[in-house]
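# Coordinate inspection notes
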Amino acid sequence: MTANPALQAAVSPTSTDGATLHRPVIDWFDAHARDLPWRRPEAGAWGVMVSEFMLQQTPVSRVLPVYEQWLARWPRPADLAAEPPGEAVRAWGRLGYPRRALRLHGAAAAIRERHGGDVPSDHAQLLALPGVGEYTAAAVASFAYGQRHAVLDTNVRRVFARAVGGTQYPPNATTAAERKLARTLLPDDEDTAARWAAATMELGALVCTARTPACVRCPIVAHCAWQGAGAPEHDGPPRRGQTYAGTDRQVRGKLLAVLREAVTPVPQSALDQVWDEPVQRARALDGLVADGLAEPLAGGYYRLPLT
């Protein structure tokens, strides 16, 4: 990417720290944040948790209709926990990465059993839920309960890499150095820290995007280390691309679509019709069974899991 001379000239030569960034980013967020259902007060902690599971590696536009249908059907964790896990997989539709549906179902069951049906506010208790990792625990604690946690998704990591690190992209996997930086940049006040977490995420999603960042609209361009360095091209390890066509993931999706749409167990012959190559098809089906997304029955039939 070629540096914009006007932007580069506007960049402050001083080093960037959290105090410099907090107010302009939060003010920008207050003016430009999207009105998303999981950000509304009525969403509650369960709505936030559902959104965080669904938004992993999936754009907002695809999540919105599924999210609203999900919350209408299962407004509380106990409502989801009362249904077979296969129903969660069915309702997940074509969001992709359907193991997330099973993990969310498992988290709902644990919330019902351990916490009386209410999503816990304690970070350690969130982290102990099945399927909840460091990012999701921090996001729910921050976005639902206004707590002070470093929330590091891909968008936030990219903002920090550019604004503070001076590089076009963050590493492929989150590093200890990134976690330390995120904690260093956190505002001291809990409410401000929670707002900062949401604001940096939105900035990465709408302005500091991966391919075509809109630097002229960025509220912190004058303090951006990457722009100050002339917006150098990425020179680290190749960034991982995502392929889909012809992969086992595509075959799994086709097989799972048949199971989702069926109201009774599906014979092997029906599954055989979705993909011509038998070895890959068998491997994909075995993978679904191993992941708990499909349940084999006697006589060569399959269904979504009941337990």
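Read on for an overview of the structure. All figures in this text were calculated on a predicted structure; none of them were measured in a lab.

### Here we look at the overall build of the protein
A count of helical and extended segments in the protein gives 16 helices and three strands. Its C-alpha atoms give the protein principal-axis dimensions of about 70 × 45 × 30 Å. By the burial criterion, 46% of the 307 residues in the protein qualify as buried. In the protein, of all internal contacts separated by at least 6 residues, the share reaching a separation of at least 24 is 66%. Taking the 33 positively charged and 31 negatively charged side chains of the protein as two groups, their mean positions are separated by 4 Å.

### Considering the packing of aromatic side chains
Taken as a whole, this structure holds four aromatic pairs when the rule is applied. Pairing W70 with W92 gives two aromatic rings, centres 5.7 Å apart and planes at 80°, and the pair type is edge-to-face. Taken as a pair, W70 in helix α4 (residues 60–73) and W92 in helix α6 (residues 85–92) lie far apart in primary sequence, 22 residues in all. By way of ring pairs, the aromatic residues W70, W74 and W92 are connected into one cluster. Stacked on the ring of W226, the Lys or Arg R162 has its end atom at 4.9 Å from the ring centre. Between R249 and the ring centre of Y97, over which it is positioned, the NZ or CZ distance is 4.2 Å.

### With respect to the packing of α4 against α6
The angle between the axes and the distance between the axes are what describe a pair of packed helices. The contact between α4 and α6 brings their axes to 10 Å, and the two run at 145°. Only E87, A88, A91 and W92 of α6 make contact with α4, whose side of the interface consists of V66, W70 and R73.

### Some thoughts on the sheet that holds strand β3 (residues 301–303)
Pairing is antiparallel across the open sheet formed by three strands, whose spatial order is β1-β3-β2. Each of the sheet's edge strands pairs with one partner strand only, and the pair in question is β1 (266–267) and β2 (295–297). Taken together, the three bridges between β2 and β3 define a ladder with antiparallel strand orientation. Each residue of the ladder has a partner; that of P296, found in β3, is Y302.

### A look at the packing of α6 against helix α7 (residues 99–115)
Between α6 and α7, the shortest axis-to-axis distance is 8 Å and the interhelical angle comes to 135°. By the angle between their directions, the pair α6 and α7 is classed as oblique. You can see that α6 and α7 cross each other, and the crossing is right-handed. Of the residues in α7, those touching α6 at P85, A88, V89 and W92 are R100, A101, L102, L104 and H105.

### What about unusual backbone geometry?
Its identity as a non-glycine residue notwithstanding, Y97 has a phi of 50°, on the positive side. Tracing the backbone shows Y97 in the loop between α6 and α7. We note that A231 has phi near 50°; this positive angle belongs to a residue other than glycine. By the element assignment, A231 lies in the loop between α13 (225–228) and α14 (248–261). Given a relative accessible area of 2%, A231 falls into the buried group.

Calculation rules
Residues numbered from 1 in each chain as written. Predicted model: local features only at pLDDT ≥ 70, side-chain atom pairs only at ≥ 80, totals over all residues. Heavy atoms only, no water. Helix = DSSP H or I, 4+ residues; strand = E, 2+ residues; numbered from the N terminus. Buried < 20%, exposed > 50% of the residue type's maximum accessible area, 1.4 Å probe, protein only. Contact = heavy atoms within 4.5 Å. Lys, Arg positive; Asp, Glu negative; His and termini not counted. Charge placed at Lys NZ, Arg CZ, Asp CG, Glu CD. Phe/Tyr/Trp six-rings, centres within 6.5 Å; stacked < 30°, edge-to-face > 60°. Lys NZ or Arg CZ within 6 Å of the ring centre and 35° of its normal. Axes fitted to C-alpha atoms, helices over the stretch in contact; angles between N-to-C directions. Pairing = 2+ DSSP bridges. Parallel < 35°, antiparallel > 145°, perpendicular 65-115°, else oblique. Left-handed = near helix turned anticlockwise from the far one by under 90°.

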